[in-house]
Amino acid sequence: MKRYFNTEGICDPTLHYMVNLHSRIEKTRRLLIDKGKYFVINRGRQYGKTTMLHTLADALKEDYFVISMDFQRLSSANFKDEPAFCRAFVKMLLATVRDLPFENKEALLLPLTDLGYSSTEASLDELFLRLSDLCKNASRPVVMLIDEIDSASDNQVFLDFLSMLRGYYLNRNSHAIFHSVILAGVYDIKNLKLKLRPGKQHKYNSPWNIAAKFQIDMNFSTDEIAAMLQEYEADHHTGMDLPTAAKQISHYTCGYPYLVSAVCRLLDEDLPQHEQWGSGSCVWTAEGITAAVHLLLKENTPLFDSIAKQLDMYPDLKEITELILYQGKQIPFSPMVVSIQLGMMFGFLKEENGCAVIANRIFEMAMLQMFLSEESARSESYWYGQRDKNQFLQHGRLRMDLVLEKFVAHFTELYDDKDEAFIEKYGRKFFLLYLKPIINGTGNYYIEAQTRDAKRTDVIVDYRGEQFIIELKIWHGNEYQERGREQLCGYLDYFGLQKGYLLSFQFRKKKKPGIRTIEIDGRTIIEAIV
C-alpha cells in the first residue's frame, strides 16, 4: 500500500508521510514521564495530540505498564453520576489492557473487574482504592494516558475525578498511584471550569494545579518538513526543489501539523488533477503551494469550523483578532488576559516580540475571509468592488493600477467627510472589502505580519502566479510618507519585484486624492491618495 498524507486521524509512519516524532518523544519522556510528572498536552484542534499519545505509548511499553484511554468513547450517560462513570472507566481500562502482555495481569485486574461488573453502586473512593492497589502491585510503574479530555470536561463528575487524582498525587509517598499521568485535549485543565461554566467567578478554581508544564514544541520546523518531503520525493521523483518547497509550506503554516499535511495532500492528490499543473515538478513549486493554500481555504474543514465556533463563542477573542487583522493593533501579550489565554489554547494566537499575533498565515487568511464575508452584505465598498470587478482583468492579468484608481474614486465619494479617527479605524477594512470580490475565487491575499502595525500594513496579493505588494499607510507627515516609500522599496527587493503600490489615507484639507507614479532607484511605485 502506497503511503499518503493523512489529515483524517492518527498518523502511522508505515502508512503515511509524516514528520519524525522521535526527538519529541524522547524529550517528553526524559523531562516529564521518567521524572513522574503529571501534565497536560493541550493544543488546538488537529494539532497531532492523538498521534503524539499513540507514539508515546508505544515508546513506553518496554519500561512501563501503559494504560491508554480515549474519553471520546464515553457517552454523556457515562458521566451521569459516580457509579456510571466508575463502571465506564473500569470497562474502558480493561478493554485497553486486555491484549497487553503483563505479568500476573489477571490477578492485578481482578479487583477492578469486580468493580466494573458489580451490581453494587461504585464510587470514586472505591475506584481509587482499587487503582492504588493496581499501581502498588504492578511489577512496573503505571503510566496513564487519557486523550480527548474535552469530551468529559462539561461534567462535574470528571472534575471530581481530577480532584481525587490530585489528592492521591499529593500523597503518593503513602498511597500508591500512577507514576505519571498525561491528559490531552484542547482545553487546558486549569480552564476546564471556564468551559463548564463560562462567566462565573469560580471558573478560576482549578482541580488540577499540580500539572507540570508541557513545553515541547509540536509545530514542525522547516527542516522537519523538508525531511518528510524527502521521503515523498524518494517515492515519486517529482524533481521538486526540496528546500524551497519546505520553506514555502512553512511560510504559510508555521508548522501547524494539520495544515502542513493538508497542503501536502492537496499538492499530491488534487492539483495534479487540474490540467494547468501537469506533472509533479510544476505542482511542488511556490506557485503550486499558493494554489493548494487557495484550495484549502475553500474547504469546509473541521478545523476552520472550530475557528468560527470559538470566535463566535468568545466575543472578546474575536475582537482581539479583528483589531490585529484590520487595524494593525499591537496587543501586548499577557497570559493573564482571558481572551489571549483562550487564543493561545485554541492555537489561534501566539506570542511574538512581546505581542499577541495570529498563529500562522493560513489562519490569518481564513479569519480575514470570515470577517469580510460577515460584513460584505452590508458594505458599500464590497458592493462597488462586486460591480467593478469585470473591468480589472486584461488577458487574464489583474490591473492593480486600475483597482487603486477606482477605489480612490469610490472612497472619496463615500467617506471623504469622515473624521480622522473613523478613517484610521476603518480605512484599511474598506479597501480589503473592495478587493475581496475582485480576486475572490481566483487569487489569495493576506496581510503581512512582519509589517503590520497601527500606521502601516502590507497586503500581499497572489493572482494567477503574479504577486502584488500594496502598502496601506496612515499619513503622518511628509517625512513619514517618504520613509514609507523607502520601506516599500525594501519590501519589493525582498520579493524580487520592481513595482509596488502605496495606498495612503490622508486627513489634510489640502490633500489631492488621486493616483501618481513615482520612480525610485529603478522601482516603480504607484501611489494612491485618499
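All values reported here derive from a predicted model rather than from experimental measurement.

A. A look at the packing of helix H8 (residues 222-236) against helix H10 (residues 257-270). Contact pair H8 / H10: the axes reach a minimum separation of 12 Å and the direction vectors enclose 20°. Here H8 lies roughly parallel to H10, going by the angle between them. Crossing of H8 against H10: the hand is right-handed. Each of Ile 225, Met 228, Leu 229, Tyr 232 and His 236 in H8 lies in contact with H10, whose residues at this interface are Val 260, Cys 264 and Asp 268. Residues belonging to the contact of H8 with H10 are distributed by class as follows: 6 nonpolar, 1 polar and 1 charged.

B. Summary view of the packing of helix H17 (residues 380-388) against helix H18 (residues 400-415). The geometry of H17 relative to H18 is characterised by a closest axis approach of 11 Å and an angle of 145° between their N-to-C directions. The way H17 lies across H18 gives a crossing that is right-handed. Every residue of H18 that contacts H17 at Glu 380, Ser 381, Tyr 384, Arg 387 and Asp 388 is listed here: Lys 406, His 410, Glu 413, Leu 414 and Tyr 415. Residue classes in the contact of H17 with H18 are distributed as 3 nonpolar, 2 polar and 5 charged.

C. Spatial organisation of the pairing of strand E6 (residues 349-352). Here 4 bridges tie E6 to strand E7 (residues 355-358), and the two strands are oriented antiparallel to one another. By the bridge assignment for E7, Glu 351 is matched with Ala 356. Here E6 folds back onto E7 in antiparallel fashion, the turn holding 2 residues, of which Asn 353 has a positive phi close to 55°.

D. Local environment of the packing of aromatic side chains. Going through the model one piece at a time under the given rule, you end up with 34 aromatic pairs. When the ring of Phe 71 is compared with that of Phe 79, the centres are 6.2 Å apart and the planes differ by 65°; the resulting orientation is edge-to-face. Judged by relative accessible area, which is 0%, Phe 71 ranks as buried. Judged by its relative accessible area of 5%, Phe 79 falls in the buried class. Here the aromatic rings of Tyr 494 and Phe 495 are separated by 5.2 Å at their centres, their planes lie at 80°, and the arrangement is edge-to-face. Owing to a relative accessible area of 57%, Tyr 494 belongs among the exposed residues under this scheme. Put simply, the rings of Phe 71, Phe 79, Phe 85, Phe 89, Phe 128, Phe 158, Phe 161 and Tyr 168 touch in pairs and so form one group of aromatic residues.

E. Quick look at the sheet that holds strand E4 (residues 180-185). The strand order across the open sheet built from 4 strands is E1-E4-E3-E2, with neighbouring strands paired in parallel fashion. Of all the strands in the sheet, just strand E1 (38-42) and strand E2 (65-70) have a single pairing partner and so form its edges. Taken pair by pair, the neighbouring strands of this sheet meet at an average axis angle of 15°, ignoring direction. Pairing analysis gives 5 bridges linking E1 to E4, with the strands arranged parallel. Across the sheet, the residue bridging to Phe 39 is Ile 182, located in E4. The sheet contacts of helix H3 (residues 82-97) involve E2 and strand E3 (142-147), and relative to E2 the element is tilted by about 125°.

F. Quick peek at the pattern of salt bridges. Under the counting rule described, the total for this entry stands at 19 salt bridges. As a salt-bridge pair, Lys 136 and Asp 133 come within 4.0 Å of each other at their nearest N and O atoms. Of the two residues, Lys 136 and Asp 133 are both situated in helix H5 (residues 124-137); the distance of 3 residues between them amounts to about one turn of the helix. Classification of Lys 136 by relative accessible area gives exposed; the value is 56%. You can call Asp 133 partly exposed: its relative accessible area is 34%. Between Glu 352 and Lys 350 there is a salt bridge, with the nearest N and O atoms lying 3.9 Å from each other. According to the relative accessible area criterion, Glu 352 is partly exposed, its value standing at 36%. Salt bridges sharing partners connect three or more residues here, namely Arg 29, Asp 34 and Asp 63.

G. Region of interest: the nonpolar core. One finds Leu 229, Ile 249, Trp 284, Leu 398, Met 400 and Val 461 to be the most contacted residues of the largest nonpolar core, which totals 137 residues. The residues contacting Val 461, other than those within four sequence positions of it, are Leu 398, Met 400, Leu 435, Ile 439, Asn 444, Tyr 445, Glu 466, Gln 467, Phe 468 and Ile 470. By size, the runner-up hydrophobic cluster in this structure holds 48 residues, among which are Leu 124, Leu 131, Leu 165 and Ile 210.

H. Up close: helix H16 (residues 361-376). For H16, with 16 residues, the first-to-last C-alpha span of 22 Å sits near the 22 Å given by 1.5 Å per residue. With 13 of 16 residues buried, H16 lies mostly within the body of the structure. The N-capping residue of H16, defined by a side-chain oxygen 3.2 Å from the backbone nitrogen of Ile 362, is Asn 360.

I. Highlighting the pairing of E7. Across 2 bridges, strand E5 (residues 331-332) lies against E7 in antiparallel orientation. Opposite Ile 331, over in E7, you have Ala 356 as the bridge partner.

J. Main features of the side chain of Thr 51. With respect to the secondary-structure elements, Thr 51 resides in helix H2 (residues 49-60). Not counting the four nearest positions on each side in its chain, Thr 51 is found in contact with Gly 9, Ile 10, Cys 11, Met 18 and Leu 21.

What counts and what doesn't
- Residues numbered from 1 in each chain as written.
- Predicted model: local features only at pLDDT ≥ 70, side-chain atom pairs only at ≥ 80, totals over all residues.
- Heavy atoms only, no water.
- Axes fitted to C-alpha atoms, helices over the stretch in contact; angles between N-to-C directions.
- Helix = DSSP H or I, 4+ residues; strand = E, 2+ residues; numbered from the N terminus.
- Parallel < 35°, antiparallel > 145°, perpendicular 65-115°, else oblique.
- Left-handed = near helix turned anticlockwise from the far one by under 90°.
- Contact = heavy atoms within 4.5 Å.
- Nonpolar A, V, L, I, M, F, W, Y, C, P; charged D, E, K, R; others polar.
- Pairing = 2+ DSSP bridges.
- Phe/Tyr/Trp six-rings, centres within 6.5 Å; stacked < 30°, edge-to-face > 60°.
- Buried < 20%, exposed > 50% of the residue type's maximum accessible area, 1.4 Å probe, protein only.
- Salt bridge = Lys/Arg side-chain N within 4 Å of Asp/Glu carboxyl O.
- Core = buried A, V, L, I, M, F, W, Y, C linked by side-chain atoms within 4.5 Å.
- Expected span 1.5 Å × (residues − 1).
- Polar contact = N/O pair within 3.5 Å; in protein donor to acceptor, adjacent residues only side chain to side chain.

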